[in-house]
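Structural overview for review
These are the residues of each chain, in order.
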Amino acid sequence: MKARELNEARAITPHATPMKGFVAAAAVVVIAAIAIFVASKGLSNYTVTLLALLFINAALAVSLTLTNGLTGLFSLGHPAFMTIGAYVAAILTFSARRKGSMLPDLPDWLASTEWSMLPALLVAGLAGGLVALAIGGAVLRLKGHYLAVATLGLIIVVQGLATNWDGITRGGSGISGLPRYVDIWWAFGFLVLVVAVTWRIKFSSLGRAMMAVRENELAAKCSGINAARLKILAFVIGAIMAAMAGALLAHLISVVTPKTYSVLLAFNIVVMVVIGGSGSIMGALLAATVITIVSESLRPVEESVGLYGLSQVIVALCLILVLYLKPSGLFGSGEPVVIRKLFSGRQEP
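Below you will find a few notes about this structure.

Conventions we followed
Residues numbered from 1 in each chain as written. Predicted model: local features only at pLDDT ≥ 70, side-chain atom pairs only at ≥ 80, totals over all residues. Heavy atoms only, no water. Helix = DSSP H or I, 4+ residues; strand = E, 2+ residues; numbered from the N terminus. Buried < 20%, exposed > 50% of the residue type's maximum accessible area, 1.4 Å probe, protein only. Contact = heavy atoms within 4.5 Å. Areas by Shrake-Rupley, 256 points an atom, 1.4 Å probe, with all protein chains shown as cover. Lys, Arg positive; Asp, Glu negative; His and termini not counted. Charge placed at Lys NZ, Arg CZ, Asp CG, Glu CD. Salt bridge = Lys/Arg side-chain N within 4 Å of Asp/Glu carboxyl O.

In this section: the overall build of the protein chain. Of the regular secondary structure elements, the protein chain holds 17 helices and 2 strands. With the C-alpha coordinates of the protein chain rotated into their principal frame, the extents come out at 65 × 50 × 45 Å. Taking all 349 residues of the protein chain together, 50% fall into the buried category. The long-range fraction of contacts in the protein chain, counting pairs at least 24 apart against all pairs at least 6 apart in sequence, stands at 79%. With the model as given, the accessible surface of the protein chain reaches about 15,900 Å², and the carbon-plus-sulfur share is 70%. Across the protein chain, the centroid of the 25 positively charged side chains sits 9 Å from that of the 14 negatively charged ones.

Written out as structure tokens, the structure is:
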């Protein structure tokens, strides 16, 4: 592991002045919540929905930072887990009066029930984690672009199942008319949870072990680190977060189809992580915010002028520019100095 990252890991751990770090984090969350509350009062429903989408995208970028950035994996499978989580939550929360006719192959006990959002969200995350655990042992034996292709294939497989399993998923038509349980506060709370979990893992002995595997897997194994177990753990945790994000997004826009979470989304999330810096939580947050704002701002231009795909071209150019000027991303594997000092309560060595 690089000396800079070792110094950062020593400087910030969950055991270093924990109370001050907790108070600082709580203060930031409270201030952000107040700002969101004040801003949402003067914004249109459309803008508030875009803010919720931004929070979910930021949570996705941070979760992929945990999976790819800390362990060095190159997984593109987040949209597959999002699709699994979205369909599981959608089936659980869908109106019991409509399930029998629209989803005829559902078991009777499931067709007659109608869940609230929180338990459906937890079950969706569990489903995504179980699928990741089931396939993790096989696909994580691969490395680099081989792993990328394998997880990309997972997206195609999940989309194919969702398209052809008509009696459960309504096929290509998808499930529409979902209850809109999710608002900006659900999205913000989920983002806080994902950042807190990822931060806690990164700045702990577990996170340092993951980064050691990323830097030199052979050396990490010689030091007694179980690299395979750490990779599967990071893959499963990231899948749980992605599945929950998919469930939240489905209940934000009230619909889920097999094509809702596509390969294009996988590209966007990876770009957010690469631009922010693989392993940087704050970098992922910043990149996700900028890319989401740029993409959504250009959408009306694309539709009015007919330049469809303009936002993707701009995002790709930004990626090339960042990789040319700063190949490690905006913050590399670290966090901004101000953030480190704020949450650690001590000076770096």
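The next thing to look at is the pattern of salt bridges. In this structure the tally under the stated criterion is 5 salt bridges. The partner of Arg214 in a salt bridge is Glu215, and the shortest N-O contact between them spans 3.0 Å. The exposure class of Glu215 is partly exposed, given its relative accessible area of 30%. One salt bridge in this structure joins Lys221 and Glu217, with 3.4 Å as the shortest N-O distance. Residue Lys221 and its partner Glu217 are both found in helix α12 (residues 217–222); the two are separated by 4 residues, about one turn of the helix. A network of salt bridges, in which partner residues are shared, links Lys143, Glu217, Lys221 and Lys231.

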